[in-house]
Amino acid sequence: MRLNILAFATGVLWLQMQPELPLWWPWALGAGVLFLPLLFSSAQSPAQSPVLLQGPSPARRSGWPARVLAMLACGALGFAWAGWRADLRLADDLAAEWERQDVEVVGVITTLPQDFSHGTRFEFALESTLTAAAIVPPRIMLSWYQGRRDDSPERLVVLPGERWRFTVRLKRPHGNANPGGFDYEAWLLEHNIRATGYIRANPPLRLSEMVWQPGYMIERLRYKVRASFAEILPAERYPWAGILVALTIGDQKAIQGDLWTTFNRTGTTHLMSISGLHVTMVAAIFGWLVNFGWRRVPRLALRLPAQKAGLLAACVAALFYALIAGFAVPAQRTLYMLLVAALAMLSGRIVAPSRTLLLALLVVLLFDPWAVLAAGFWLSFGAVGALLYIGSAQIGQARGWRQRLQAWGVVQWAATLASLPVLLLVFQQFSLVSPLANALAIPVISFIVTPLALLGAILPSWPILALAHGVMDWLMVFLNWASSWPVWQAPAPPLWAALAAALGVAVCLLPRGMPGRLLGVALMIPALFWPVEKPAEGEAWINVLDVGQGLAAVVRTREHTLIYDPGPLYSAESDAGQRVVVPYLRMLGISRVDMLMVTHRDSDHSGGMASVQSALAVGELRSSVKELGGERCIAGQRWVWDGVIFEVLHPAAEAYAVNLKSNHISCVLRVTAGGKRMLLTADIEAPDEAELLARYPNDLAADVLLVPHHGSKTSSTAAFLTAVAAPAAIIPVGYRSRFGHPKAEVVARYEALATSLWRTDRDGAVEVRLAASGIKLSAWRQAHRHYWFGR
């Protein structure tokens with residue numbers, strides 16, 4: 001059965017790796033059903049030979065073809081199951097003609113609203129569409145922008161379970177597509193959110209205070225717990241209050257953004273969410289209490305044994321806590337494992353722990369075949385699998401404090417080592433202090449802070465929550481100290497290297513004395529020391545990243561890195577530097593930037609600067625903004641890195657003496673490698689293009705042009721485009737830009753010159769490679785396509 005479940009999971013994973021949704025998944029279903037009888041025949045073990053030395057019996061040897069075919073059938077069923085679910089979900093789409101059109105809808109707020117600097121964001125379940133002919137998906141994500149003007153009314157508070165009537169503008173699911181970036185479109189698909197948008201100024205109307213359905217009631221309860229914590233522990237005085245909220249109801253967004261840096265560097269991120277250990281602890285406490293009380297009521301004990309009553313209570317408590325905690329994958333995995341173990345105990349059967357884990361895996365994938373796309377899925381099941389793996393080799397129980405301490409150290413070593421391949425593949429970093437940090441943080445968080453936080457949710461009172469916060473205060477001193485330790489950072493290894501590292505982990509965790517354990521270390525070396533791909537001497541690689549409405553580009557030579565604008569500020573809580581630029585450079589194994597060039601003041605170009613400077617070592621800052629410090633961009637500046645020529649063409653020095661609009665003093669950079677040129681123009685407008693034409697007559701030709709001002713009608717004049725004569729041009733633009741970029745007349749000018757146009761909203765990040773041998777352009781969405789892109 002174990003191999004069959006793993007085969008089913010492999011089929012699910014294979015489907016999620018497809019660039020297009022296969023039309024032949026029903027054939028896979030048919031093949032799986034055809035060979036399904038072999039699954040049951042292979043599950044029946046043939047009689048064992050009475051003499052162990054004789055080896056496998058002829059019946060067992062002859063049964064291997066059936067077992068192989070059963071595994072293939074399960075793999076086909078997994079592929080077909082995931083394909084069928086994807087087909088159904090993608091069918092709920094928003095027609096392109098209804099994007100950015102006013103639509104009046106009625107529905108219910110289904111999840112915890114999340115406040116941000118200018119409003120609130122929440123998921124919304126549609127009950128009806130009042131706009132004639134409009135077809136809207138049943139579940140959407142809405143942002144309600146309020147309070148952006150001084151004369152605006154007080155922000156309205158929305159609660160889970162309320163029914164509202166809104167006028168909304170929607171767009172199809174779309175996210176930034178970048179190397180090393182978060183796949184927002186995959187996340188939306190997994191959560192069945194088939195459109196996103198915002199609420200229009202037409203007066204919204206609350207139609208009902210509460211829709212009494214179980215899911216909405218749970219979300220309202222979660223909201224009340226969060227509100228009570230915020231009232232008892234104001235964030236201004238209690239900086240760790242958000243951690244208590246996350247440990248109680250699974251709302252990780254309650255944790256301040258800068259704290260995640262500490263948790264990442266100490267390898268304790270997994271503790272700041274509802275882990276399997278927390279669910280198990282809650283189940284054990286409730287099970288013991290019911291067992292204890294049940295034994296003291298003879299009439300109850302005669303009807304149902306106290307052990308079984310306690311077991312049922314533990315399952316109910318685990319289910320309730322998992323629901324209150326947001327039902328994340330670690331909570332699901334633990335809940336299903338408890339349910340399988342409980343069913344086995346109630347039926348008098350013994351189920352191996354590994355089989356219990358794999359049955360939980362099967363149930364998770366049946367409910368959510370997209371779970372395999374999340375790093376948390378692999379970390380959760382991988383860590384538990386590693387613990388079961390080392391536990392199977394141990395005989396007896398540890399006695400005495402030395403043996404118990406040694407056993408605890410082995411557990412930490414196994415869990416840390418098991419997470420290594422996933423962390424290197426997904427996050428490109430690994431905390432060296434993680435075993436030490438977790439050795440202290442796990443018992444403190446799991447057995448002190450979390451129980452106190454849960455008690456504070458049941459009995460809201462300052463002493464309980466203040467005590468929990470005080471313990472966190474002490475723990476954070478230790479974690480802040482531990483975060484100063486070095487972190488192993490390496491470029492993202494290829495998939496085969498990560499798989500080899502996983503095999504190496506299994507070999508390293510073999511019992512002491514087993515031969516070949518050093519082979520495990522050798523298998524892990526490629527993932528730990530995978531070399532970063534670099535341009536050759538005299539070559540330049542320029543990546544125009546997909547940051548939405550804004551600009552961020554990275555220029556790399558053999559030994560140097562330049563950031564040309566760090567991207568936009570999305571909100572007070574996030575920016576492109578944090579979400580896009582830093583993850584991209586971390587994927588490449590780059591921790592130091594030689595130059596950060598901030599072209600001008602506008603927040604869609606400079607908003608990510610603080611995040612870049614806090615996460616990376618920046619050698620030199622150059623900009624047109626005096627307040628930022630560093631050296632000013634001045635036409636005529638020139639330097640050479642690794643045989644690649646960099647030239648600043650704009651603005652002239654005298655431009656700073658005039659009070660100009662910030663766009664007019666944008667830093668224009670030309671990169672020349674192997675005789676090939678790319679011109680990066682930021683947000684210059686028509687007057688600035690005229691200045692460039694006058695300053696560099698007959699010397700503006702380039703092979704690739706970064707389109708000025710996102711394709712605005714104020715830029716890309718015919719004279720400028722003719723002088724540059726670039727065969728290829730890249731437009732950095734957001735999907736369905738609210739400014740209407742790029743303008744149709746501007747696109748027409750490029751098309752009239754037969755310029756090949758690349759767009760970040762359509763193509764994702766665009767990479768340009770300049771070399772003497774030629775120019776190569778590639779788009780992330782085409783090179784790494786998934787079936788949900790643009791769907």
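Along every chain, residues carry numbers that run from 1 in the direction the sequence is written. Local features in this predicted model are restricted to residues of pLDDT 70 or higher, and side-chain atom pairs are both shown and tallied only at a pLDDT of 80 or more, whereas totals for entire chains, interfaces and linings draw on every residue. Only heavy atoms go into the side-chain values, all of them from the structure, while hydrogens and water stay out.

### Digging into the pairing of strand E10 (residues 540–544)
Part 1 of the reasoning: Among the five residues in E10, five count as buried, and that is most of the element.
Part 2 of the reasoning: Only protein chains enter the area calculation, which uses a 1.4 Å probe; residues under 20% of their type maximum are buried, those over 50% are exposed, and those in between are partly exposed. Going along the chain from the N terminus, every DSSP run of H or I of four or more residues is numbered as a helix, and every run of E of two or more is numbered as a strand. Burial along E10 is two-sided: Ala540, Ile542 and Val544 and Trp541 and Asn543, pointing in opposite directions, are all buried.
Part 3 of the reasoning: Both E10 and strand E23 (residues 766–771) contribute to a ladder of five bridges, which runs antiparallel. Note on E23: the bridge partner recorded for Ala540 is Leu770.
Part 4 of the reasoning: With four bridges joining them, E10 and strand E11 (residues 552–556) adopt antiparallel strand pairing. Bridge pairing links Trp541 to Arg556 in E11. Only strands joined by at least two bridges in the DSSP assignment are considered to pair.

### Observations regarding the packing of aromatic side chains
Part 1 of the reasoning: Ring pairs shown here join Phe, Tyr and Trp side chains whose ring centres sit within 6.5 Å, with only the six-membered ring taken for Trp; geometry is labelled stacked below 30 degrees between planes, edge-to-face above 60, and tilted in between. This model, assessed by the stated rule, comprises 26 aromatic pairs.
Part 2 of the reasoning: With a centroid separation of 5.6 Å and an interplanar angle of 75 degrees, the aromatic rings of Phe116 and Tyr145 are classed as edge-to-face. Note that Phe116 is positioned in strand E2 (residues 114–116) and Tyr145 in strand E4 (residues 139–145), a separation of 29 residues in sequence.
Part 3 of the reasoning: Residue class for Phe116 comes out buried when judged on its relative accessible area of 9%.
Part 4 of the reasoning: When its relative accessible area of 35% is taken as the criterion, Tyr145 is described as partly exposed.
Part 5 of the reasoning: Centre to centre, the rings of Trp288 and Phe292 are 5.3 Å apart; their planes meet at 20 degrees, and the pair counts as stacked. Pair noted here: Trp288 and Phe292 are both in helix H10 (residues 276–294), with a separation of four residues, about one helical turn.
Part 6 of the reasoning: Classification of Phe292 by relative accessible area gives partly exposed; the value is 40%.

### Notes on helix H14 (residues 353–367)
Part 1 of the reasoning: By this rule, a helix spans an expected 1.5 Å times one less than how many residues it contains. Its 15 residues give H14 an end-to-end C-alpha distance of 21 Å, which sits within 8% of 21 Å, the value for a rise of 1.5 Å per residue.
Part 2 of the reasoning: If you check which residues of H14 are buried, you get Thr356, Leu357, Leu358, Ala360, Leu361, Val364 and Leu365.

### Things to note about the pattern of salt bridges
Part 1 of the reasoning: A carboxyl oxygen of Asp or Glu within 4 Å of a side-chain nitrogen of Lys or Arg is what we treat as a salt bridge. Within the structure shown, the criterion is met by 26 salt bridges.
Part 2 of the reasoning: The salt bridge involving Arg670 is made with Glu647; its shortest N-O contact spans 3.1 Å. Here Arg670 is found in strand E18 (residues 668–673), whereas its partner Glu647 is found in strand E17 (residues 644–650), with 23 residues between them in sequence. Considered together, Arg670 and Glu647 belong to a single accessibility category, that of buried residues.
Part 3 of the reasoning: When salt bridges with common partners are traced through the structure, they connect Glu647, Arg670, Arg677 and Asp699 into a single cluster.

### So, the pairing of E18
Part 1 of the reasoning: When you tally the buried positions in E18, you get six out of six residues, the bulk of the element.
Part 2 of the reasoning: Residues Val668, Arg670 and Thr672 of E18 are buried on one face, and the alternating residues Leu669, Val671 and Ala673, pointing to the opposite face, are buried as well.
Part 3 of the reasoning: The pairing of E17 with E18 spans five bridges and is classified as antiparallel. The partner of Val648 across the bridge, within E18, is Leu669.
Part 4 of the reasoning: In this sheet, strand E19 (residues 676–680) lies alongside E18 in antiparallel orientation, the contact comprising five bridges. By the bridge assignment, Ala673 is partnered in E19 with Lys676.

### What to know about the environment of Ser117
Part 1 of the reasoning: With respect to the helices, strands and loops of the structure, Ser117 is situated in the loop between E2 and strand E3 (119–129).
Part 2 of the reasoning: For the pair Ser117 and Tyr570, spaced 453 residues apart in sequence, the C-alpha separation works out to 9.8 Å.

### So, the sheet that holds strand E24 (residues 774–779)
Part 1 of the reasoning: If you walk across this open sheet you meet the eight strands as E15-E14-E13-E12-E11-E10-E23-E24, and the pairing is mixed. Strands with a single pairing partner mark the edges of an open sheet, and in this sheet they are strand E15 (631–632) and E24.
Part 2 of the reasoning: As judged from the six bridges shared by E23 and E24, these two strands associate in the antiparallel manner. In the strand pairing of E24, Val766 is matched with Ala779.
Part 3 of the reasoning: We call two residues contacting when some pair of their heavy atoms lies within 4.5 Å. As a rule, the C-alpha atoms of each element are fitted with a line to give its axis, helices using only the stretch in contact, and angles between N-to-C directions run from 0 to 180 degrees. The sheet strands contacting helix H21 (residues 576–587) are E10, E11, strand E12 (561–566) and strand E13 (592–598), and the helix crosses E12 at an angle near 165 degrees.

### With respect to unusual backbone geometry
Part 1 of the reasoning: Across the junction of His650 and Pro651, the peptide omega takes the value 5 degrees, indicating a cis bond.
Part 2 of the reasoning: Mapped onto the elements of the fold, Pro651 is located in the loop between E17 and E18.
Part 3 of the reasoning: That bond from His741 to Pro742 is cis: its omega, -10 degrees, falls within 30 degrees of zero.
Part 4 of the reasoning: Tracing the sequence through the fold places Pro742 in the loop between strand E21 (728–731) and helix H26 (744–752).

### Some thoughts on the nonpolar core
Proteins that are soluble and globular tend to have nonpolar side chains buried together.
Part 1 of the reasoning: To define a nonpolar core, start from buried Ala, Val, Leu, Ile, Met, Phe, Trp, Tyr and Cys residues and group those joined through side-chain atoms within 4.5 Å. Grouped together as the largest cluster of nonpolar side chains are 51 residues, with contacts concentrated most on Leu361, Leu365, Phe377, Phe381 and Tyr787.
Part 2 of the reasoning: Sorting elements by how many residues they give to this core places helix H5 (residues 64–91) first, with eight residues.
Part 3 of the reasoning: In contact with Leu365, other than residues within four places in its own chain, are Phe8, Ala9, Val12, Trp81, Val372 and Phe377.
Part 4 of the reasoning: Counting 40 residues, the second largest nonpolar core, distinct from the first, contains Ile232, Leu244, Ile255 and Phe478.

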